[in-house]
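One-letter residues, chain by chain:
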Amino acid sequence: MPERAIVLVAHGTDNAGGRRTVQLLTEAVARALPSTRVVDAYVDVQHPKVGVVVESLVAEGLSVVVVPLLLSTGYHVQVDIADAVSPHAAATAAPALGPHPLLAQLQRDRLIDAGAEPGDAVVLAAAGSSRPEATTATGLAATYLQQVWRGPVTVGFGSAATPSVVQAVAQARRDGATRVAVAAYLLGEGQFHDRLYDAGADAVTAPLGNDERIVQIALQRADEAADAYGFGRFSQ
C-alpha cells in the first residue's frame, strides 16, 4: 500500500478537452511512480477540491505533496493550495510548473506546429493574475521563450493584468512585425484559449497539453518539494 501521495492540482474547466488533458497528465505521473498514489484535484469549477483531497489522504496516513498544474504563481498557489496543506504536518506543496526552460521548448514546438516562422513576432499569452509575482513569473517565461525563438517575444494577458493579448498583438504590428503569432501559455483547452483566435494574430498555438515535458517538470517539482520537507524524493 502506498505511504505517500501526489495531488496534481489544476484550475478546473468545463471544457472536455481541458479535462482530458489533466486526466492524461495524472495517468502519466502515476505510471512514472507506480508505488505512489497519484490523484487529481481542482481549485475552481471542478471537483474534488484540493482541500478535501489533501484532508482525506492525510486521514489515511499518507504523506502528501501537492503539485500545481499551474504555469505561474498567483492566488490559487499562494492561497487555495497553501490553505489546503497548512493545517497538516504530513502535507506540503510544490511551486507552480512554470516558468521553466522546458516549457519554452514546448512553446517553440507548438509555434512551429502552428505555422509560425523564425523571425515572426510572438506574443506569449498567459491567463493573467492581479498578483505582481505572477506577472513577474510570466515575464521570465517570455525570457525563456526568447532564448529559443528567433524573433521578438512580448507578453499579453487574458485578464487582470496588462497589456491584453489583443493589445500586445497590435503593439507588435506597430513595432514593425509583418507576422505575429500567439503562443498559448496555457495547459489545456478552454474559454481563454478559444478567445486567442480573435486577437488578430496570424497564428495561434495549441495549448501545452499532455506532453512528456510537462510530466517531467511535475515529477521534478514533486521531488524537490518532498526532499525539502523531509519526505524523501519520489524518484529514489
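The name an unreviewed UniProt entry assigns to the protein chain is Sirohydrochlorin ferrochelatase, from the organism Rudaeicoccus suwonensis.

> Could you give an account of the packing of helix α4 (residues 101–113) against helix α8 (residues 212–229), naming the residues involved and the relevant values?
Look at α4 against α8: their axes get within 10 Å of each other, and the N-to-C directions meet at 170°. Judged on the interaxial angle alone, α8 and α4 are roughly antiparallel. Across the interface between the two elements, L102, L103, Q105, L106 and D109 from α4 touch R213, I214, Q216 and I217 from α8. Per-class residue counts for the contact of α4 with α8 are five nonpolar, two polar and two charged.

> I'd like a rundown of the sheet that holds strand β7 (residues 180–184), residues and numbers included.
Taken together, the four strands give an open sheet; going across it, the order is β6-β5-β7-β8, and neighbouring strands pair in parallel fashion. The two strands at the open ends of the sheet, each matched to only one other strand, are β6 (153–157) and β8 (203–204). For strand β5 (residues 121–126) and β7, the ladder comprises five bridges, and the chain directions are parallel. Within β7, the position partnered with L124 by the bridge is A183. Where helix α5 (residues 132–148) meets the sheet, it contacts β5, β6 and β7, and its direction lies at approximately 145° from that of β6.

> With reference to specific residues and values, describe the pairing of β7.
Burial analysis of β7 places five of its five residues in the buried class, the great majority of the element. The two faces of β7 match: V180, V182 and A184 on one face and A181 and A183 on the other face are all buried. With two bridges joining them, β7 and β8 adopt parallel strand pairing. Residue V182 lies in a different strand from β8, and its bridge partner there is V204.

> A description of the domain arrangement of the protein chain should follow, citing residues and the corresponding values.
Each assigned domain of the protein chain is listed here: domain 1 (4–98 + 211–229) and domain 2 (101–204). Computed over C-alpha atoms only, the centres of domain 1 and domain 2 are separated by 26 Å. Of the residues lining the interface, 21 residues belong to domain 1; the matching set on domain 2 comes to 18 residues. Of the roughly 1,600 Å² buried at the junction of domain 1 and domain 2 (both faces included), carbon and sulfur atoms supply 66%. When residues of domain 1 are sorted by the area they lose upon contact with domain 2, L71, Q78 and R213 head the list and together hold 35% of the total. At the surface where domain 1 touches domain 2, the tally comes to one salt bridge. One salt bridge in this structure joins D109 and R213, with 2.8 Å as the shortest N-O distance. Put simply, domain 1 and domain 2 have four residue pairs in polar contact (both at pLDDT 80 or more) between them. Of all the elements in the fold, those that place two or more residues in the side of domain 1 that touches domain 2 are α1 (16–32), α3 (75–85) and α8. Here the residues of the side of domain 1 that touches domain 2 are counted per class, giving eight nonpolar, eleven polar and two charged.

> I'd like a rundown of the packing of α4 against α5, residues and numbers included.
α5 packs onto α4 with a crossing angle of 60° between their chain directions and a minimal axis gap of 8 Å. For the element pair α4 / α5, the angle class is oblique. Both α4 and α5 take part in a crossing whose hand is right-handed. Taken together, the residues of α5 that come into contact with α4 (itself represented by P101, A104, Q107, R108 and L111) are Y144, L145 and V148. Class assignment for the residues of the contact of α4 with α5 results in six nonpolar, one polar and one charged.

> Hey, could you go over the sheet that holds strand β3 (residues 63–68) for me, with residue numbers and the actual values?
Strand order in this open sheet of four strands is β2-β1-β3-β4, and the pairing throughout is parallel. The open sheet has two free edges, formed respectively by β2 (37–42) and β4 (91–93), since each of these has just one partner strand. With strand direction ignored, the average angle separating the axes of adjacent strands in the sheet is 25°. Of the strand pairs in this sheet, strand β1 (residues 4–10) and β2 are connected by six bridges, and their pairing is parallel. By the bridge assignment, I6 is partnered in β2 with V38. This element, α8, spans β1, β3 and β4 of the sheet and lies at about 140° to β3.

Reading the values: rules and limits
- Residues numbered from 1 in each chain as written.
- Predicted model: local features only at pLDDT ≥ 70, side-chain atom pairs only at ≥ 80, totals over all residues.
- Heavy atoms only, no water.
- Axes fitted to C-alpha atoms, helices over the stretch in contact; angles between N-to-C directions.
- Helix = DSSP H or I, 4+ residues; strand = E, 2+ residues; numbered from the N terminus.
- Parallel < 35°, antiparallel > 145°, perpendicular 65-115°, else oblique.
- Contact = heavy atoms within 4.5 Å.
- Nonpolar A, V, L, I, M, F, W, Y, C, P; charged D, E, K, R; others polar.
- Pairing = 2+ DSSP bridges.
- Buried < 20%, exposed > 50% of the residue type's maximum accessible area, 1.4 Å probe, protein only.
- Domains from an automatic or database assignment.
- Buried area = accessible area lost by both parts, 1.4 Å probe.
- Salt bridge = Lys/Arg side-chain N within 4 Å of Asp/Glu carboxyl O.
- Polar contact = N/O pair within 3.5 Å; in protein donor to acceptor, adjacent residues only side chain to side chain.
- Left-handed = near helix turned anticlockwise from the far one by under 90°.

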